[in-house]
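Next come the chains, spelled out residue by residue.
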Amino acid sequence: RRRGQREAAAAAAAAREPQALAVAAELEPPADGAAKLALQQAAMADDEGRIDLRPVRQALTEVMDRFGFDDHSMGPLLLRFAWHQCGTYSAAEKNGGSNGCTFRFAREQNDPENNGLLEAKDYLEPIKERFPWLSYADLYVLAGTVAIEAMGGPHIPFATGRKDFTEEEAEAHYGEGRCPFGDGQHNPSTSRLPSADLGPDPNAPPDAPAHVREKPTIDAIRGTFSRMGFDDKETVCLIVLGHQFGRCHPHVSGYEEAWYAFDPAHWNVYMHGLGYLSVYGMLGSYKERRTKQGKRQWENFFAGRRWMMLPSDMALYWCPEYRKHIQFYERNRPAFHADAARAWKKLTELGCDNLTPEVPAAPAARTRRPIY
């Protein structure tokens, strides 16, 4: 039945994409490019004004696999790319987030927390050329949303309407830098994005409990996510959701290896058995090590593979308030699936007003799971 739904959705997508371009071409030539794009977008709307994103979702799913890239998948990178578009939001200042797509400007691209993300931006350019009526802001976030589903995660409905700020609009919001940055309280680089490590408290006794020794990192995580409007449960969902995928690279972040070494390109919070959440029950056997770049990370060597956790991951184990949510989700995997999807949708809509929901789409085809 699901296969039939996917085939029907794919057929509808294939029919609808050229229809939008044809409608725009048959109408009176618009006065400017913006008007033409508006006509194309209107042609993608149904009678209720919802936008049909099925052609875009299909196109993104088709380019998710990439032979020769990390674990042969672009999914983890596109997820991180989308996350970083949204993670600059400030509820108090009511700015930042994905609306405006300030990643297009140099200062945000040069944020140390965004190292390595220009590859994702360039990779999505052919999709933007194919669907020019979709803003960059919408496309970048949609790519991460589709990646979650294509890698085996839940289907998460999407809504469009994010703007791409002009340089003048960005300066009006953020000043000469055109991008949202912080005051250095939670990230010494002044990035609003989470820092992986603020180091141990130099005043803590050597034999103090981990949540006391590592209080700077724990407080920075809580401060960063609270600034966006997330509570501890949502914070756990978003960190676990993102870090079950992908791997770190010394030349990008100074960290190295994958969080979940068995299969870092697919959803690993399994409904039954072990999986990424189970790793948190094994962290007592992880040992601190410094990489060649001087970064602290915690590691275990198991089944012929090196497993890694960042200090910001360990914080969910060190802090009793975070740990209780980890333990709950380890026992209640369906709850994690549902709560993580809600937290992701909330993250991607921070700072975005008057969004238009998409036409409901059938679940996408999953990317093929490698056999090890």
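This is a predicted model, so every value here is computed, not measured.

### Observations regarding helix 12 (residues 232-243)
- Here helix 12 spans 16 Å end to end across 12 residues, near enough to the 16 Å set by a 1.5 Å rise per residue.
- For helix 12, the tally of buried residues reaches 11 of 12 residues, placing the bulk of the element in the interior.
- What helix 12 keeps buried is the set D232, E234, T235, V236, C237, L238, I239, V240, L241, G242 and H243.
- Sitting at the head of helix 12, D231 places a side-chain oxygen 3.2 Å from the backbone nitrogen of K233.

### Quick look at the pattern of salt bridges
- Scanning all chains against the criterion turns up 26 salt bridges.
- A salt bridge links R289 to E256; its shortest N-O distance comes to 2.4 Å. Here R289 is found in strand 4 (residues 287-290), whereas its partner E256 is found in the loop between strand 2 (247-248) and strand 3 (257-258), with 33 residues between them in sequence.
- Looking at E256, the relative accessible area reads 18%, which means it is buried.

### Considerations on the confidence of the model for the chain
- On average, the chain scores 90 in pLDDT, and the residues at 70 or more come to 88%.
- Scored below 50 in pLDDT, residues 21-29 makes six contacts in the model with residues more than four places away or belonging to other chains.
- Note that residues 368-372 has pLDDT below 50 and, in this model, 11 contacts with residues that lie over four places away or in other chains.

### Structural notes on the environment of G246
- As for its placement among the helices and strands, G246 is situated in the loop between helix 12 and strand 2.
- What makes G246 buried here is its relative accessible area of 7%.
- Residues G246 and Y260, spaced 14 residues apart in sequence, show a C-alpha to C-alpha distance of 8.0 Å.
- Aside from chain neighbours lying at most four places away, what touches G246 is P76, A258, W259 and P264.

### Digging into the layout of surface pockets
- The calculated volume of the largest pocket comes to roughly 1,200 Å³.
- Around the largest pocket sit 43 residues that line it, and R80, H84, E113, C248 and S253 are the ones nearest its centre.
- Where the lining of the largest pocket is concerned, the elements lending two or more residues are helix 4 (75-86), helix 11 (215-228), helix 12 and strand 2.
- Counting residues per element, the lining of the largest pocket draws most heavily on helix 4, which supplies six residues.
- Here the residues of the lining of the largest pocket are counted per class, giving 19 nonpolar, 14 polar and 10 charged.

### What about the pairing of strand 6 (residues 305-309)?
- Pairing between strand 5 (residues 296-302) and strand 6: five bridges, direction antiparallel. Among the inter-strand pairings, F302 is bridged to a residue of strand 6, identified as R305.
- Hairpin remark: strand 5 followed by strand 6, antiparallel, with two residues in the connecting loop; positive phi at A303, about 55 degrees.

### Overview of the packing of helix 3 (residues 54-62) against helix 8 (residues 136-150)
- Contact pair helix 3 / helix 8: the axes reach a minimum separation of 9 Å and the direction vectors enclose 65 degrees. The way helix 3 lies across helix 8 gives a crossing that is right-handed. Residues V56, R57, L60 and T61 of helix 3 pack against L139, L142, A143, T145, V146, E149 and A150 of helix 8.
- Its residues placed into classes, the contact of helix 3 with helix 8 shows seven nonpolar, two polar and two charged.

### Description of the state of the cysteines
- Inspection of the entire model under this criterion finds zero disulfides.
- Cysteine C86 is unpaired, with the sulfur of C352 as its nearest cysteine sulfur at 7.1 Å.
- The thiol sulfur of C101 is not disulfide-bonded, and the nearest other cysteine sulfur, from C179, lies at 10.0 Å.

What counts, and at which threshold
- Residues numbered from 1 in each chain as written.
- Predicted model: local features only at pLDDT ≥ 70, side-chain atom pairs only at ≥ 80, totals over all residues.
- Heavy atoms only, no water.
- Helix = DSSP H or I, 4+ residues; strand = E, 2+ residues; numbered from the N terminus.
- Expected span 1.5 Å × (residues − 1).
- Buried < 20%, exposed > 50% of the residue type's maximum accessible area, 1.4 Å probe, protein only.
- Polar contact = N/O pair within 3.5 Å; in protein donor to acceptor, adjacent residues only side chain to side chain.
- Salt bridge = Lys/Arg side-chain N within 4 Å of Asp/Glu carboxyl O.
- pLDDT = per-residue confidence, 0-100.
- Contact = heavy atoms within 4.5 Å.
- 1 Å grid on protein atoms, 1.4 Å probe; cavity = no way out; pocket = protein on both sides within 12 Å on 5 of 7 lines; lining within 4 Å.
- Points joined across faces, edges and corners; volume = space filled by probe spheres on them.
- Nonpolar A, V, L, I, M, F, W, Y, C, P; charged D, E, K, R; others polar.
- Pairing = 2+ DSSP bridges.
- Axes fitted to C-alpha atoms, helices over the stretch in contact; angles between N-to-C directions.
- Left-handed = near helix turned anticlockwise from the far one by under 90°.
- Disulfide = S-S within 2.5 Å.

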